[in-house]
Structure formats: C-alpha cells, structure tokens
Amino acid sequence: MTADTVTADTRLAPARRLGVVAGLRHTLTLAWRSLVQIKHNPMELLDLSIQPVMFVLLFTYVFGTAISGSPGEYLTFALPGIIVQNALFATMTTGFGLNNDLTKGVFDRLRALPIARWSPLAGRILADTVKQAWSVSLLIGVGAILGFRLGNGLLGLLGAFVLLLGFSLAAAWISVLVGVLVSEPDKVQIFGFMVIFPLTFTSNVFVPTDRMPGWLQHWVEVNPVTILADALRGLLVGGPVVGPVVQSMLWAVALAAVFAPLAVRALRRRV
C-alpha cells in the first residue's frame, strides 16, 4: 500500500461517519453547484421556460376554441394538466444529469471528497426540485397574464405546489434508475419520450375524458397522470380535491417505494 493510498483511505473514512447535519450541508452545497451551472449552460433554463410556455400558448389558442368553446375556458381546464406534463418531463433531467456526471467521472470525484456518501445524489435531486418550482411558477404567471384565475386562493396554490413537487420527487427515482442503468445521457431522454409522452397524451391533460373513445376512457380514468391533473384542477380552480389528492399521494408513495431502493442499489453497483 502506497502513501497515496493511505492518504486517500484517511480522507474517505470520515465521509462514512459524517452526521446528518453535515450531510445536509454538503447536499445544499452540491445543489447550489448544479444550479450555478445554469449560468454556463443557459439552454437548460430555456428548456424549463420556453417549452412549457409554448405548450400553453399553442394549445390554448390553436385547440382552445375547438375543445372548450373559447381559449379562456380551455386555459382554465388545460393549464393544471400542462403543469403536470411539464413536471413529469422535467424529472428526466435528474437522470440525464446524473448519467452525465457518472459517464464523465464527476460523480466519482465528488465521492472521493470527505463528504456524505448520499449527498451527491441528494444534491442533484434537490437542485432539480428547485428548477421544477421555477417552471411551475413561470407557468402560473403566464397563465395569469392570459386570464387564468385561481379558484381557491393562495392556500390552493400552495397545496398544488406541495403535491406536485412531492409527486415529482417520487417520480424522479424512475429517472435516477434509468440514468444509472443506461450508458449515455441521451438514452434517458429517449426513455422519457417513450414512456412519459404516451402516458400524458392518453390522460385528460389536454382533452376531457368524455370527449375520448369509450375504450380509451377506462384507461384514462385510472391513469396516474389524469389523477394528478384532476388533483391540481381541484386545488387551483375548484372541484373534487380529497379523492384525487389522496390517490396522487398513494401513487407517489408507491413509486418511491418501488423505484428508490432499485435506483440506490443500481447506483451502488455502478460506483
């Protein structure tokens, strides 16, 4: 064993015995690192800003009159669903960024530092949650400019934020698992389009369930995207709240319970 190895072992040993407070501090530092990178890669922020706004504008003014009779009525119906769709697509950035760090060796360099072993992954997830909050705030703001009005005030808005971010955190574990298993970051995005794209378009995000074929309605009603969209409509606009919110929370718990252990196990094997 060389002197360099002894030094490395001495550095790594304390990282395994760090307390929760130190780990949280490291997590915040690494989350800030991920957020600061936007300054050097502004396209990432544009992806979180321009694309969702384009969806709102295009669907409101192109399909609004045909589906709901007027753009204003359609905006009230569609905006909560578009927020859900955007949030689910945004979870793929967690797996994309993680895979990028893994393939370029950044993750290994971070774990070689005297920091908590779980802080690099936690920092990545926390940073992406902040980006999610920015994207939701932007969509609500643009919707307000176009005429969207909250039906349940600030309390409903806060509840929608908490529910959506909680569900996104749970769904992000799917992205983490994919990001660990695939060999290239682009494959994470391919997975997102193969799974999330059909999942959102076979929900009531853009079109009311009763406007769809009967055979499709049965799937739409049990689709977790539909349930989450209905929960946000109830919180932001009005309508049933308890049922959709509880079901969305159960889906979030189930996703986290299944995919978080699988993702952590796969990450340990890879690194």
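All of these numbers come straight from a predicted model, not from anything done at the bench. (Residues numbered from 1 in each chain as written. Predicted model: local features only at pLDDT ≥ 70, side-chain atom pairs only at ≥ 80, totals over all residues. Heavy atoms only, no water.)

Q: Sorry if this is basic, but what is going on with the nonpolar core here?
A: A general trend in soluble globular proteins is that nonpolar side chains are found buried together. Grouped together as the largest cluster of nonpolar side chains are 45 residues, with contacts concentrated most on Ile-83, Val-84, Leu-164 and Leu-232. Listed by contribution, the elements that provide at least two residues to this core are α3 (42-68), α4 (71-90), α7 (119-146), α8 (153-181), α9 (185-201), α11 (224-236) and α12 (242-270). Non-local contacts of Leu-232, meaning those with residues more than four positions away in its chain, are made with Pro-80, Ile-83, Val-84, Ala-160, Leu-163, Leu-164 and Val-237. Within the second largest apolar cluster, 13 residues are counted, among which are Phe-107, Ile-125, Ala-260 and Ala-266. (Core = buried A, V, L, I, M, F, W, Y, C linked by side-chain atoms within 4.5 Å. Buried < 20%, exposed > 50% of the residue type's maximum accessible area, 1.4 Å probe, protein only. Helix = DSSP H or I, 4+ residues; strand = E, 2+ residues; numbered from the N terminus. Contact = heavy atoms within 4.5 Å.)

Q: How do you make sense of the UniProt feature "transmembrane region" (unreviewed entry) in the protein chain when you look at a structure like this?
A: Per the UniProt annotation, the sites labelled "transmembrane region" (unreviewed entry) are residues 49-67, 74-98, 133-150, 157-182, 188-207 and 248-267. In the segment residues 49-67, helix accounts for 100% and strand for 0%; the C-alpha atoms at its two ends are 25 Å apart. Between the first and last C-alpha atoms of residues 157-182 the distance is 37 Å; the span itself is 96% helix and 0% strand. (UniProt positions renumbered as here; feature names shortened; annotations may be inferred.)

Q: I keep staring at the layout of surface pockets and nothing clicks. Help me out?
A: Where empty space is left becomes clear once a probe the size of a water molecule has been rolled over the atoms. Within this model, the second largest pocket holds a volume of roughly 270 Å³. When residues of the lining of the second largest pocket are traced back to their parent elements, those giving at least two are α8, α9, α11 and α12. Among the elements that make up the lining of the second largest pocket, the one with the highest residue count is α9 (four residues). In the lining of the second largest pocket, the residues fall into 13 nonpolar, one polar and no charged. (1 Å grid on protein atoms, 1.4 Å probe; cavity = no way out; pocket = protein on both sides within 12 Å on 5 of 7 lines; lining within 4 Å. Points joined across faces, edges and corners; volume = space filled by probe spheres on them. Nonpolar A, V, L, I, M, F, W, Y, C, P; charged D, E, K, R; others polar.)

Q: Just checking my understanding: could you explain the packing of aromatic side chains for this structure?
A: The description of an aromatic ring pair uses the distance of the two centres, along with the angle that the planes make with each other. All told, the structure shown has 10 aromatic pairs when counted by the stated rule. Ring centres of Phe-59 and Phe-206 lie 4.2 Å apart, and the angle between their planes is 15 degrees; on these two criteria the pair is classed as stacked. On the criterion of sequence distance, the pair formed by Phe-59 in helix α3 and Phe-206 in the loop between α9 and α10 (214-222) is long-range, its members being 147 residues apart. Taking the relative accessible area as the measure of exposure, Phe-59 reaches 14% and is therefore buried. Centre to centre, the rings of Phe-89 and Phe-197 are 6.4 Å apart; their planes meet at 65 degrees, and the pair counts as edge-to-face. In this pair, Phe-89 sits in helix α4 while Phe-197 sits in helix α9, placing the two residues 108 residues apart along the sequence. Take Phe-89: its relative accessible area is 17%, and that puts it in the buried class. Among the residues examined, Phe-197 registers a relative accessible area of 37% and is labelled partly exposed. Across from the ring centre of Phe-77, 4.0 Å away, lies the NZ or CZ of Arg-233, which sits over that ring. (Phe/Tyr/Trp six-rings, centres within 6.5 Å; stacked < 30°, edge-to-face > 60°. Lys NZ or Arg CZ within 6 Å of the ring centre and 35° of its normal.)

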